[in-house]
Structure formats: structure tokens, C-alpha cells
Amino acid sequence: MIPANKYNVSVPRYTSYPPANYFEPMDSTSYLKAIEDSNQVGSKKLSFYFHFPFCRRLCHYCGCNSYMMPQDKSQVARYVDALHHEIDLVAKHLDPTRPISQIHYGGGSPSVLPTSILQELNEHILSLFPKIEKPEIAIECHPGYLSAADWEALCNSHFTRFSIGVQDTDEKVLKAVGRTPSQMPIPEIVSILHAHGATVNTDFLYGLPYQTPDTFVQDIQKTIEVRPERLVTFSYGHVPWVFKRQQVLEKIGLPQPEVKQQMYDKAAQMLHEAGYQSIGLDHFVLPEDELYQALQNGQLYRNFQGYCTRRTTGQVYAFGVTGISQLDSFYAQNTKSIEEYLVATENDTLSTAKGYQLTPEQRIVKEVIERLMCNYRIQWAHIAKDLGITIEQVKAALHYDAVQLQEMADDGIMNLSHEGITMTTEGHPFVRNVAAALDPLMVHTDKKFSKPI
């Protein structure tokens, strides 16, 4: 049995490499040059991210860049106008022949916007570039504020995938974390979306106050019965030094790590018995889902918006406050200040505040960690071949401590061989630990991260 307490330590989630807390001050001039360079280097496909920061109510557990919806509706209209303007500011630096493969709306709660506004944003960006066959156009939805008519309208606004933030259905849990319950039963929502041919993922959060393994799997069982294509069990990341609102949950009390692990283990067992397949850290998908096919072919990928396939992923260009663009070897993040974002955009300037330019060695590390996090395995020869370098050069770019890796193998987290590394099924929750063991930036770091469990 894996000694879980030994590995339940602070490690990055690796939604990017390097993680966002390594970003440095950056200006829009550097980002614009990176945009233009991205037309010649990296994937030709375009992935766009829209960040809508407002929520009608802030959940205590939230680790997103979100703010209360302003009472003055003109402020929201001003923000939407800025998004349209930022699209045009970025688009004029992009090759107009590059195709759109993915559009994603996150927040905050983008689904609280009137559907007509979301449709206009989609049509604006879709009018500027061609698109691949069946691009993914996804939106994160808070079911607490959406009626049947709202779901119908969203289906008719170009969206092809819906991420439903269920989190939990127990009223005691939801009240403790300050979240509004779903306005409609989840099965009815899924039925509407499936009737329109949309892909659905239902998102749950475990490790919250008052949750138990039994109550959590009851939620999972009820959701399995309606067969969403994807079901996600996110581990609550407790980082109160970053998000002060999380301190409220400490006062109520959080499940112990071993109880939290039981929630995941029981849910995973139930999902596997129901025919779902594990993807990455926290996704379970039906075998016919595109993500599972990508995993089988080693074509699974991950960005700030979540798991995706090599077919739909592209270089990411983000719009909105705090939005992070992910280019081939460059990151750029917009300011966290809504007013600064609005003023900059209204003055025909991008609001870039932070970013990171990867070194050639870090691009190697990025490739290794991405493959491990997505596919649970890395083969040195394949990586070396794809990057056009030697195996020795791959390992030289890493913090490759053979003794430390062997210890992880002895503990049952992964299998280590001359050919590469393969995570064990039991070791999946600790893939972040293995990635961190290969990461030179983690040597003597003073950065803080959440724990795997």
C-alpha cells in the first residue's frame, strides 16, 4: 500500500509549466511579439479563452479569479465591450488562415451572462477565422441560476460542451460553502443538453465540510445513472494564504486526508464498475469519449482549461481580466485589476501584467511533465525523437534523481525502467509528486502549492 501521508505534500497541479506562481512582470509589447511569433512557431490551431470574472455569489472554497457581480449593470456591459475590443486587438496580429479548434468560457460564472451576449462573442470570434471540423466550444455553467429555457438557449448559441459545476447536492454541504443549489435536477439538465447533441461533464468537488465517503458516492451514483460523457472529481485545494475566503472552511472543519482519499477511491471504484475510464488526475470518461481515444493513442493534452485532445488543442489566446495565454514557449497573463483591464483595453492597449518566456531546457521539462500528467507514462526514446535530441539531453534538462525515483517506485507509485516511467493505477493521485521530482524548479523552492489529497 502506498504511504499516502508521505506523499501528501505541497506540489504544483501543473496545469502549466512552469506553474503560474513563477510568472514574472511582463508588458504588452513582449506579448504582441510573442503573438506574431506564434504564427510561425508551434501549433497553427487557435484556442481562445474568455474569462468572465463575476459571480452572483462567491463560494468560500473558490480558488478562481472571481468577484461579486456589480449592481451597476453598465459595468458588466463595459466589460463585455472590452472583450470584443480585445478580440480585435489580438486578432490583427494573428494569421487569418489559422483555424479555430477550441473556445472556452471560464470564470467566475460566465453562464450568468445573457445568452445573447455569449452568442455575440462566439459569432465575433468565429467570423474572423476558419475552424477545424467539429471545434470544441465549451462553457463552465453554474446550475444554480439556469432554467430549462436558459439551457435551451445556450445550446442554440454554438456551444458544444457544457461543464456543469455541481460540486455537491447535499444542502448542508452547499450551505457551509456558500453555494446556491442547482435550480433544476441534474438529470433533467443533462437530458436537455444530450437532446441537442452536446457533450456534458458534471463537476464535483471532494474534501468539503460535512462530506463523507458515503454521501459523496451517493452523488456520483445518481449522476452515473444519467450517463454524462465526462464526470470530474476535483480535489479541493486548500490554499487560504492565497484565497482568504477559504479560511471560513477551516472554522467549520475539513475532512482528514485519509477520509478525503476514501471519497476518491470509492468514487473511482464506482465509476470504473459503471464503465467509465480514468483520465488524468480527476476525469472519468465513457470509452467512446474523444478524451479516452486520445489517451489510448498518446494524444491527450492539458492546458489551463482542462484536458483536451491534440485534435482540438491549439496555442491559447486569452481575453479578459487575469486571462492566461499559453503560446508555444511563452505565457502572458492579463492584469488582475478589472479597472486596469478596462482602461487599458479602451485605450487600444493589451493589459498584460505577468508572463514567462521558457528557456530551451524548460521546454524539454514542459514536454516531459505534460506527457506524464496527461498519459501517466513517459518513454525517453519517444520524447527524444519528437524533440530531435538525445535521451541524455532530455534527462539532463530534468532534476533526475535516480535514488528518489527508485524510492517512489519501491513505494508503489510508479514503475521505473530504462525505457521510462509508468504510473501504477494506485499511484495516479500522486502523479503530481512524480512530476515535481523531475522538475528543476522544485529544488529548494519557496513557492507554496496545494496538496494532492
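Residues numbered from 1 in each chain as written. Predicted model: local features only at pLDDT ≥ 70, side-chain atom pairs only at ≥ 80, totals over all residues. Heavy atoms only, no water.

To be explicit about the condition: UniProt positions are given in the numbering used here, feature names are shortened, and annotations may be inferred rather than shown by experiment.
In the annotation of an unreviewed UniProt entry, the chain is listed under the name Coproporphyrinogen-III oxidase and assigned to Segatella bryantii. Regarding the chain, the UniProt comment filed under Catalytic activity (unreviewed entry) reads as follows: "coproporphyrinogen III + 2 S-adenosyl-L-methionine = protoporphyrinogen IX + 2 5'-deoxyadenosine + 2 L-methionine + 2 CO2". Quoted verbatim from the Subunit (unreviewed entry) heading of the UniProt record, the comment on the chain is "Monomer."

1. Some words on the overall build of the chain
Stated formally: Secondary structure follows DSSP: runs of H or I at least 4 residues long count as helices, runs of E at least 2 residues long count as strands, and numbering of each begins at the N terminus. Our radius of gyration is a C-alpha quantity, and the globule rule it is checked against amounts to 2.2 Å times the number of residues to the power 0.38. Type-normalised accessible area, obtained with a 1.4 Å probe on protein chains alone, sets the label of each residue: buried when under 20%, exposed when over 50%, and partly exposed for intermediate values. In this analysis, two residues are considered to be in contact whenever any of their non-hydrogen atoms come within 4.5 Å of each other. Only the protein chains shown count as cover for residues, and all accessible areas are computed by the Shrake-Rupley method using a 1.4 Å probe. Here the positive residues are Lys and Arg and the negative ones are Asp and Glu; neither His nor the chain ends is included. Lysine's charge is taken at NZ, arginine's at CZ, aspartate's at CG and glutamate's at CD.
Regarding its fold elements, the chain presents 17 helices and 20 strands. Expected size for 453 residues packed as a compact globule is a radius of gyration near 22 Å; at 21 Å, the chain falls within 12% of this value. With the C-alpha coordinates aligned to their principal axes, the bounding extent of the chain is approximately 60 × 50 × 40 Å. Counting across all 453 residues of the chain, residues that qualify as buried make up 57%. At a minimum sequence separation of 6, the contacts of the chain that also span at least 24 residues come to 72%. Counting every atom, the chain has about 18,900 Å² of accessible surface; 51% of that belongs to carbon and sulfur. Seen as two clouds, the 40 positive and the 51 negative side-chain charges of the chain have centres 2 Å apart.

2. Considerations on the pairing of strand β12 (residues 300-303)
Note the following rule: Pairing between strands is defined by DSSP: at least two bridges between them are needed.
Residues Leu300 and Arg302 line one face of β12 and the alternating positions Tyr301 and Asn303 line the opposite face, and both faces are buried. Where β12 meets strand β13 (residues 306-309), 4 bridges bridge the pair, whose relative direction is antiparallel. In the sheet register, asparagine 303 faces β13, and the bridge partner there is glycine 306. Between β12 and β13, which pair antiparallel and follow one another directly, the connecting turn spans 2 residues.

3. Observations regarding the packing of helix α8 (residues 213-224) against helix α10 (residues 257-273)
Quick reminder of the rule: The axes are straight lines fitted to the C-alpha atoms, using for helices just the contacting stretch, and the angles between their N-to-C directions are given from 0 to 180°. Just so you know how the angles are binned, under 35 degrees is roughly parallel, over 145 roughly antiparallel, 65 to 115 roughly perpendicular, and the rest oblique. If you view the pair so one helix is near and one far, a crossing is left-handed when the near helix is turned anticlockwise from the far one by less than a right angle, and right-handed when it is turned clockwise. Charged residues are taken to be Asp, Glu, Lys and Arg, nonpolar residues to be Ala, Val, Leu, Ile, Met, Phe, Trp, Tyr, Cys and Pro, and polar residues to be all remaining types, Gly included.
Orientation of α8 relative to α10, taken along the N-to-C sense of each, is 25°, at an axis distance of 9 Å. For the element pair α8 / α10, the angle class is roughly parallel. For the pair α8 and α10, the crossing hand works out as right-handed. Listed contacts from α10 to Pro213, Asp214, Phe216, Val217, Ile220, Gln221 and Ile224 of α8 are Val259, Gln262, Met263, Lys266, Ala267, Met270 and Leu271. Residue composition of the contact of α8 with α10, by class: 10 nonpolar, 2 polar and 2 charged.

4. Quick look at the pattern of salt bridges
Cut-off, in case you're wondering: Any carboxyl oxygen of Asp or Glu within 4 Å of a side-chain nitrogen of Lys or Arg constitutes a salt bridge here.
For the structure on display, the rule yields 15 salt bridges. Here aspartate 214 makes a salt bridge to lysine 266, at a shortest N to O gap of 3.2 Å. With aspartate 214 in helix α8 and lysine 266 in helix α10, the pair connects residues that are 52 residues apart, well separated along the chain. With relative accessibility at 37%, the residue lysine 266 sits in the partly exposed group. A cluster of three or more residues bridged by salt bridges with shared partners is formed by Glu136, Arg161, Arg230 and Asp289.

5. Some remarks on unusual backbone geometry
Residue tyrosine 17 is joined to proline 18 through a cis peptide bond whose omega torsion reads -5°. By the secondary structure assignment, proline 18 is in the loop between α1 (4-7) and β1 (24-25). Look at the link from glycine 107 to glycine 108: it is a cis peptide, with omega at 25°. Mapped onto the fold, glycine 108 is located in the loop between β5 (100-107) and α4 (115-126). For tyrosine 14, which is not glycine, the phi torsion reads 55° and is therefore positive. Here tyrosine 14 lies in the loop between α1 and β1.

6. Considering empty space enclosed by the protein
Applicable threshold: With a 1 Å grid spanning the protein atoms alone, the term cavity applies to any set of points in which a 1.4 Å probe fits but cannot get out, the term pocket to an open set with protein on both sides within 12 Å along at least five of seven lines, and the term lining residue to any residue with an atom within 4 Å of a point. Grid points are joined across faces, edges and corners, and a volume is the space filled by probe spheres set on the points.
Counted under the stated rule, the structure contains 3 cavities of 30 Å³ or more. Taken as a whole, the largest cavity encloses approximately 110 Å³ of empty space. Lining the largest cavity are Arg13, Tyr206, Thr233, Ser235, Tyr264, Leu281, Asp282, Pro429, Arg432 and Pro452. Its residues assigned to classes, the lining of the largest cavity shows 5 nonpolar, 2 polar and 3 charged. Considered as a void within the structure, the second largest cavity measures approximately 70 Å³ in volume. The wall of the second largest cavity is formed by Tyr14, Thr15, Ser16, Tyr17, Arg302, Gln326, Tyr331, Ile369, Glu370, Met373 and Cys374. It is helix α13 (residues 360-375) that contributes the most residues to the lining of the second largest cavity, 4 residues altogether. For the lining of the second largest cavity, the residue count by class is 6 nonpolar, 3 polar and 2 charged.

7. Notes on the UniProt feature "domain: Radical SAM core" (unreviewed entry) in the chain
In this numbering, the UniProt entry assigns the feature "domain: Radical SAM core" (unreviewed entry) to residues 40-277. Structurally, residues 40-277 is divided into 38% helix and 22% strand, and its ends, taken at the C-alpha atoms, are 37 Å apart.

8. Overview of the packing of helix α3 (residues 73-91) against α4
Look at α3 against α4: their axes get within 10 Å of each other, and the N-to-C directions meet at 5°. By the angle class used here, α3 and α4 are roughly parallel. For the pair formed by α3 and α4, the contact residues are Val80, Leu83, His84, Ile87 and Asp88 on the first element and Ile117, Glu120, Leu121, His124 and Ile125 on the second. Partitioned by chemical class, the residues of the contact of α3 with α4 number 6 nonpolar, 2 polar and 2 charged.

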